[in-house]
Amino acid sequence: MCTIGPYYFWPAGNIIGLVLSILLLLVTCNFALASYSKTSKTINSHILNYSGTNIKETAAKTRELISKQVEIFSNLLPLPSVQSLNNLDKVLKQPRLLTNKPVLVMSILLAMVACIAMFSAQLWDIAISECDEERTCPFNQDPEDTFARPVLHGIVGYRVSDRKIIILVSTPIAFLLCTTLLLLMRGTTVLRMILSGLISLGMGVFFFLYSLNTVQYIILLGTKLSNLSFILKLVSMMPIPLLAALFVALAYSNIIQSMEEKKDDKSSKVKIGLLSISIILSIVFFFLSLATMTTSNLVIMSTVQGHWNTTKEHTWDDECRDNNHVRYNEYDYRYDTTSTSDPESKPDKCYGKALDQLVQDDFTFFSICQLFMTETFLVLSALVCMNGRSITKKTLFLPGLLLFAAAVSSIISFFSGLVQYDLQTNGFPFFIMNGINTLSALVIGFIFVITGGSVFISFIIIVFRIILSILVFSLILIMTTFDALLKLPTLTCKTPKPCNVVEQPDVATA
């Protein structure tokens with residue numbers, strides 16, 4: 001029976017069926033309530049061969065089984081006791097000494113400078129954007145043929161013009177939160193570090209999701225722009241992956257350092273030398289990743305521009321139709337005629353070409369994979385510089401795993417889509433920089449995954465414990481329900497004493 005839609009669309013059969021269903025439900029509830037009072041007699045009947053004493057013994061055994069299952073559940077999935085929460089206030093107020101605090105401060109200041117640059121560039125771009133000779137473009141509109149697509153189905157934002165309000169709102173908020181992060185570094189405690197980690201993580205996740213949109217905006221930029229407008233658009237969108245990486249690295253660093261107290265240990269000269277080399281390599285790969293991402297975006301943008309010259313095709317406009325086309329009731333019919341008249345001249349917009357969706361998908365897939373690899377490389381490099389001596393193999397496992405996965409996906413996206421196009425490198429060392437960056441990410445990620453493999457084993461064990469705990473918890477619920485059903489006849493007795501079933505003598509039949 002279908003009851004979807006307004007009531008006046010219901011046929012008579014649906015209404016009758018609905019009424020009968022309600023009556024059937026009421027009758028079922030009535031019979032269920034009437035049979036509830038006979039539960040004790042049914043359970044204690046001779047068919048089940050149960051007495052009140054047997055029910056008590058079975059309930060006691062069931063409770064004993066439940067207690068053992070609860071003990072097994074607590075051993076599989078140990079939970080913090082209430083007594084351990086008594087000293088929570090003291091633990092949160094314990095002082096912590098930040099490792100490489102100047103690096104953390106410089107990272108926050110770099111993020112603040114990037115926010116100021118993005119905000120200023122976006123305001124300037126809005127001021128000089130003109131949709132026609134008489135007026136500037138509003139917030140919800142870009143000049144014609146600025147981007148290959150007016151709409152992108154992204155996570156943050158829908159129309160391409162939405163980037164204006166998103167940048168103008170998010171950058172001042174990020175600037176204020178960076179000021180808060182600087183204030184939280186004074187007299188650092190466990191609570192302050194956790195709060196700093198949560199704030200940084202929230203901003204990092206937002207800018208990471210929005211970077212998936214901005215990398216598509218960059219590669220879809222058109223050629224009908226002035227040099228100033230082109231530079232301003234790049235300045236307002238290019239720093240977003242950098243902001244995402246810096247905030248994620250800050251969050252990861254704060255959370256790691258808040259979990260363990262710094263110990264004064266004397267490192268050998270070998271460890272100090274290896275640490276210095278690691279920091280230098282991290283700085284080199286930091287700038288190499290940024291340069292590779294910038295170069296790749298410009299090369300892909302230049303290549304995509306050769307596949308389109310207008311945002312919207314005007315083939316079906318009235319002034320772009322041939323003489324042997326007629327428009328009737330929003331449908332186009334073509335008829336062949338022999339005409340001796342010369343064809344009418346068409347405006348320039350009739351010869352425009354829109355971007356093919358398959359071409360866009362190939363370049364977008366590679367750009368997003370390379371963006372993910374670049375941001376992971378930036379996070380890993382910043383994390384090594386921020387944590388210094390306190391960094392361990394276990395903390396590098398997750399960035400290494402993500403870096404290895406991003407490098408593999410970048411290789412797949414290049415050979416499955418980009419290799420068939422003639423890339424307009426324009427003198428940029430596109431293949432050299434991408435090759436060095438991708439191979440480095442592949443090797444470094446694989447090394448970190450191997451060295452931090454114990455973390456993966458621990459994770460598998462935790463997942464297995466959780467699955468077993470869920471099974472034991474389900475069994476506890478079933479046994480608890482069974483215990484409640486066994487107690488039901490006793491609870492329904494009229495007297496507080498346990499009900500005794502009077503055994504009737506067997507009647508001999510002739």
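The structure presented is a predicted model; accordingly, all values stated were derived computationally and were not measured.

### Brief notes about the overall build of the protein
Link 1 in the chain: From N to C terminus, the protein includes 14 helices and two strands.
Link 2 in the chain: For the protein, with 510 residues in total, the buried portion stands at 38%.
Link 3 in the chain: Considering only residue pairs separated by 6 or more positions, the protein has 81% of its internal contacts joining residues 24 or more positions apart.
Link 4 in the chain: Total accessible area on the protein stands at roughly 31,200 Å², and carbon and sulfur atoms take up 67% of it.

### Examining the side chain of Q305
Link 1 in the chain: Inspection of the secondary structure assignment puts Q305 in helix α10 (residues 269–305).
Link 2 in the chain: Of note is the side chain of Q305, whose polar atom sits 3.4 Å from the backbone oxygen of G222.
Link 3 in the chain: Once residues lying within four places of it in the same chain are set aside, the contact partners of Q305 are L221, G222 and T223.

### Here's the deal with empty space enclosed by the protein
Link 1 in the chain: Going through the model one piece at a time under the given rule, you end up with three cavities of 30 Å³ or more.
Link 2 in the chain: Approximately 70 Å³ is the volume found for the largest cavity.
Link 3 in the chain: Lining the largest cavity, in full, are L98, I108, L181, L184, M185, T188, R192, M193, S196, S200, L250 and N254.
Link 4 in the chain: Those elements that provide at least two residues to the lining of the largest cavity are α6 (162–184), α7 (190–219) and α9 (240–259).
Link 5 in the chain: No other element matches α7, which puts four residues into the lining of the largest cavity.

### Regarding helix α5 (residues 101–128)
Link 1 in the chain: Across its 28 residues, α5 extends 41 Å between first and last C-alpha, which sits within 8% of the 40 Å expected from 1.5 Å per residue.
Link 2 in the chain: Listed as buried for α5 are L104, S107, I108, A111, M112, A114, C115, M118, A121, Q122, D125 and I126.
Link 3 in the chain: The inward-facing, buried residues of α5 abut α6, α8 (227–237), α9 and α11 (357–387).

### Remarks on the side chain of T303
Link 1 in the chain: Topologically, T303 is positioned in helix α10.
Link 2 in the chain: With a relative accessible area of 4%, T303 lands in the buried category.
Link 3 in the chain: Contact partners of T303, with chain neighbours within four places excluded, come to F363, D422, L423 and Q424.

### Things to note about a nonpolar patch on the surface
Link 1 in the chain: A cluster of nonpolar side chains, F456, I457, F459, I460, I461, V463, I467 and L471, forms an exposed patch at the surface whose accessible area comes to about 750 Å².
Link 2 in the chain: With respect to the helices and strands, the residue I461 is situated in helix α14 (residues 453–491).
Link 3 in the chain: With relative accessibility at 45%, the residue I461 sits in the partly exposed group.

### What to know about the confidence of the model for the protein
Link 1 in the chain: A residue-level look at the protein finds 70% of positions with pLDDT of 70 or above and a mean pLDDT of 78.
Link 2 in the chain: The low-confidence segment residues 328–333 (pLDDT under 50) makes nine contacts with residues lying over four places distant or belonging to another chain.

### Quick notes on the packing of α11 against helix α13 (residues 430–451)
Helix packing for two helices is described by the angle between their axes and how far apart those axes are.
Link 1 in the chain: Look at α11 against α13: their axes get within 11 Å of each other, and the N-to-C directions meet at 55 degrees. Judged on the interaxial angle alone, α13 and α11 are oblique. Between α11 and α13 the crossing geometry is left-handed. Residues F366, Q370, M373, F377 and L380 of α11 touch α13, and the partners they reach there are F430, N434, N437, T438, S440, A441, I444 and F448.
Link 2 in the chain: When its residues are assigned to classes, the contact of α11 with α13 shows eight nonpolar, five polar and no charged.

### What to know about the pattern of salt bridges
Link 1 in the chain: Tallied over the full model, the rule gives five salt bridges.
Link 2 in the chain: With a closest N to O distance of 3.9 Å, D125 and R163 form a salt bridge. Of the two residues, D125 sits in helix α5 while R163 sits in helix α6, which places them 38 residues apart along the sequence. Both residues of the pair, D125 and R163, belong to the buried class.

### Let's talk about the packing of aromatic side chains
Link 1 in the chain: Inspection of the entire model under this criterion finds 15 aromatic pairs.
Link 2 in the chain: Between the aromatic rings of F285 and F377, the centroid separation amounts to 5.2 Å while the plane-to-plane angle is 15 degrees, which identifies the pairing as stacked. Of the two residues, F285 sits in helix α10 while F377 sits in helix α11, which places them 92 residues apart along the sequence.
Link 3 in the chain: Centre to centre, the rings of F286 and F287 are 5.5 Å apart; their planes meet at 80 degrees, and the pair counts as edge-to-face.
Link 4 in the chain: Ring pairs connect the aromatic residues F366, F414, F415, F430 and F431, which therefore count as one cluster.

### Thoughts on the state of the cysteines
Link 1 in the chain: Tallied over the entire structure, the rule returns zero disulfides.
Link 2 in the chain: Note on C115: no disulfide assigned, nearest cysteine sulfur contributed by C178 at a separation of 5.5 Å.

### Quick look at the nonpolar core
Link 1 in the chain: F207, L243, F247 and F363 are the most contacted members of the largest nonpolar core, which has 67 residues in total.
Link 2 in the chain: What F207 contacts, discounting residues up to four positions off in sequence, is S170, A174, I240, L243, A244 and F247.
Link 3 in the chain: Judged by nonpolar contacts, the second largest core, of 14 residues, contains M373, F377, A407 and A441.

### Brief notes about unusual backbone geometry
Link 1 in the chain: The backbone of N100 shows a phi angle near 55 degrees, a positive value even though the residue is not glycine.
Link 2 in the chain: Summarising the element assignment, N100 is placed in the loop between α4 (88–92) and α5.
Link 3 in the chain: A relative accessible area of 28% places N100 in the partly exposed class.

### A closer look at the packing of α11 against helix α12 (residues 397–416)
Link 1 in the chain: Contact geometry for α11 and α12: axes closest at 8 Å, N-to-C directions at 155 degrees. Classed by the angle they form, the pair α11 and α12 counts as roughly antiparallel. In this structure, α11 crosses over α12, and the sense of that crossing is left-handed. Residues F365, F366, C369, Q370, F372, M373, T376, F377, L380 and L383 of α11 lie in contact with α12, whose contacting residues are P399, L402, L403, A406, A407, S409, S410, S413, F414 and S416.
Link 2 in the chain: Per-class residue counts for the contact of α11 with α12 are 14 nonpolar, six polar and no charged.

Cut-offs and rules
Residues numbered from 1 in each chain as written. Predicted model: local features only at pLDDT ≥ 70, side-chain atom pairs only at ≥ 80, totals over all residues. Heavy atoms only, no water. Helix = DSSP H or I, 4+ residues; strand = E, 2+ residues; numbered from the N terminus. Buried < 20%, exposed > 50% of the residue type's maximum accessible area, 1.4 Å probe, protein only. Contact = heavy atoms within 4.5 Å. Areas by Shrake-Rupley, 256 points an atom, 1.4 Å probe, with all protein chains shown as cover. Polar contact = N/O pair within 3.5 Å; in protein donor to acceptor, adjacent residues only side chain to side chain. 1 Å grid on protein atoms, 1.4 Å probe; cavity = no way out; pocket = protein on both sides within 12 Å on 5 of 7 lines; lining within 4 Å. Points joined across faces, edges and corners; volume = space filled by probe spheres on them. Expected span 1.5 Å × (residues − 1). Patch = residues over 30% accessible without salt bridge, like charges linked within 9 Å, V, L, I, M, F, W, Y side chains within 5 Å. Salt bridge = Lys/Arg side-chain N within 4 Å of Asp/Glu carboxyl O. pLDDT = per-residue confidence, 0-100. Axes fitted to C-alpha atoms, helices over the stretch in contact; angles between N-to-C directions. Parallel < 35°, antiparallel > 145°, perpendicular 65-115°, else oblique. Left-handed = near helix turned anticlockwise from the far one by under 90°. Nonpolar A, V, L, I, M, F, W, Y, C, P; charged D, E, K, R; others polar. Phe/Tyr/Trp six-rings, centres within 6.5 Å; stacked < 30°, edge-to-face > 60°. Disulfide = S-S within 2.5 Å. Core = buried A, V, L, I, M, F, W, Y, C linked by side-chain atoms within 4.5 Å.

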